[in-house]
Amino acid sequence: MRSIASIFLAATAFLAACNSGGTSGTSDTSGQPQADNTKQTAAQAGAVCYQKVTGKDTFYLQLIVEDEKVNGVLDYNFFEKDKNTGLIDGSINDNILRATYHFQSEGQNSDRPVVFKVMGEQAYEALADSFDAQGVPVFNSDNSLLKFEPQPYKKVDCK
């Protein structure tokens, strides 16, 4: 529990620092944001953010990578359903992020594993191979056998 609180405090401090620095940007014809080089962006400060919109559902992933260690934020905002919001901590190796998602949903705190393939401007969430007796997703330990959602999260400016 102490490590979750430490991660939360670190993420909160980082987000406050990112928000106080101010960012601006312009969009090119593709609608993708481009950083204004005169101001520091969150990505330059160490955070990279991705978002996926499916219908009226929105998913947000923020990654702070130091060597192979990863911390960040993961939010699942399902339309007209409870939102899952929390922190992740794990490691990344060969573009595969394996982390524990510490989240709150319906007033309860929970943990579950998550796996993403991070490739530059996109991140793909892995599909569980199965679920254990408690309903926790189980992912193949062999990265080459992982299966991923077809629709990626796309890189966005960090909130």
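Scroll up for the structure.
Given the structure is predicted, the values throughout are model-derived calculations rather than measurements. (Residues numbered from 1 in each chain as written. Predicted model: local features only at pLDDT ≥ 70, side-chain atom pairs only at ≥ 80, totals over all residues. Heavy atoms only, no water.)

A. A look at the state of the cysteines. Inspection of the entire model under this criterion finds one disulfide. Two residues, Cys 49 and Cys 158, share a disulfide whose sulfurs are 1.9 Å apart. Here Cys 49 and Cys 158 share a disulfide; its torsion about the S-S bond, 105°, makes the bridge right-handed. With Cys 49 in strand β3 (residues 47–54) and Cys 158 in the segment after β13 (153–156), the pair connects residues that are 109 residues apart, well separated along the chain. Accessibility expressed as a relative area gives 19% for Cys 158, which makes it buried. (Disulfide = S-S within 2.5 Å. Helix = DSSP H or I, 4+ residues; strand = E, 2+ residues; numbered from the N terminus. Buried < 20%, exposed > 50% of the residue type's maximum accessible area, 1.4 Å probe, protein only.)

B. A look at a negative patch on the surface. Taken together, the side chains of Glu 66, Asp 67, Glu 68 and Asp 94 make up a negatively charged region of the molecular surface. Within the element layout of this structure, Asp 94 appears in the loop between β6 (84–93) and β7 (96–105). (Patch = residues over 30% accessible without salt bridge, like charges linked within 9 Å, V, L, I, M, F, W, Y side chains within 5 Å. Areas by Shrake-Rupley, 256 points an atom, 1.4 Å probe, with all protein chains shown as cover. Salt bridge = Lys/Arg side-chain N within 4 Å of Asp/Glu carboxyl O. Lys, Arg positive; Asp, Glu negative; His and termini not counted. Charge placed at Lys NZ, Arg CZ, Asp CG, Glu CD.)

C. Structural context of the packing of aromatic side chains. Summed over the entire model, instances satisfying the criterion amount to seven aromatic pairs. Seen from their ring centres, Phe 59 and Phe 78 are 5.3 Å apart, and the 70° between their planes marks the pair as edge-to-face. On the criterion of sequence distance, the pair formed by Phe 59 in strand β4 (residues 57–66) and Phe 78 in the loop between β5 (69–77) and β6 is long-range, its members being 19 residues apart. With centroids separated by 5.4 Å and ring planes inclined at 85°, the aromatic side chains of Phe 116 and Tyr 153 adopt a geometry described as edge-to-face. Here Tyr 153 lies in strand β13 and Phe 116 lies in strand β8 (residues 108–119), a separation of 37 residues in the sequence. (Phe/Tyr/Trp six-rings, centres within 6.5 Å; stacked < 30°, edge-to-face > 60°.)

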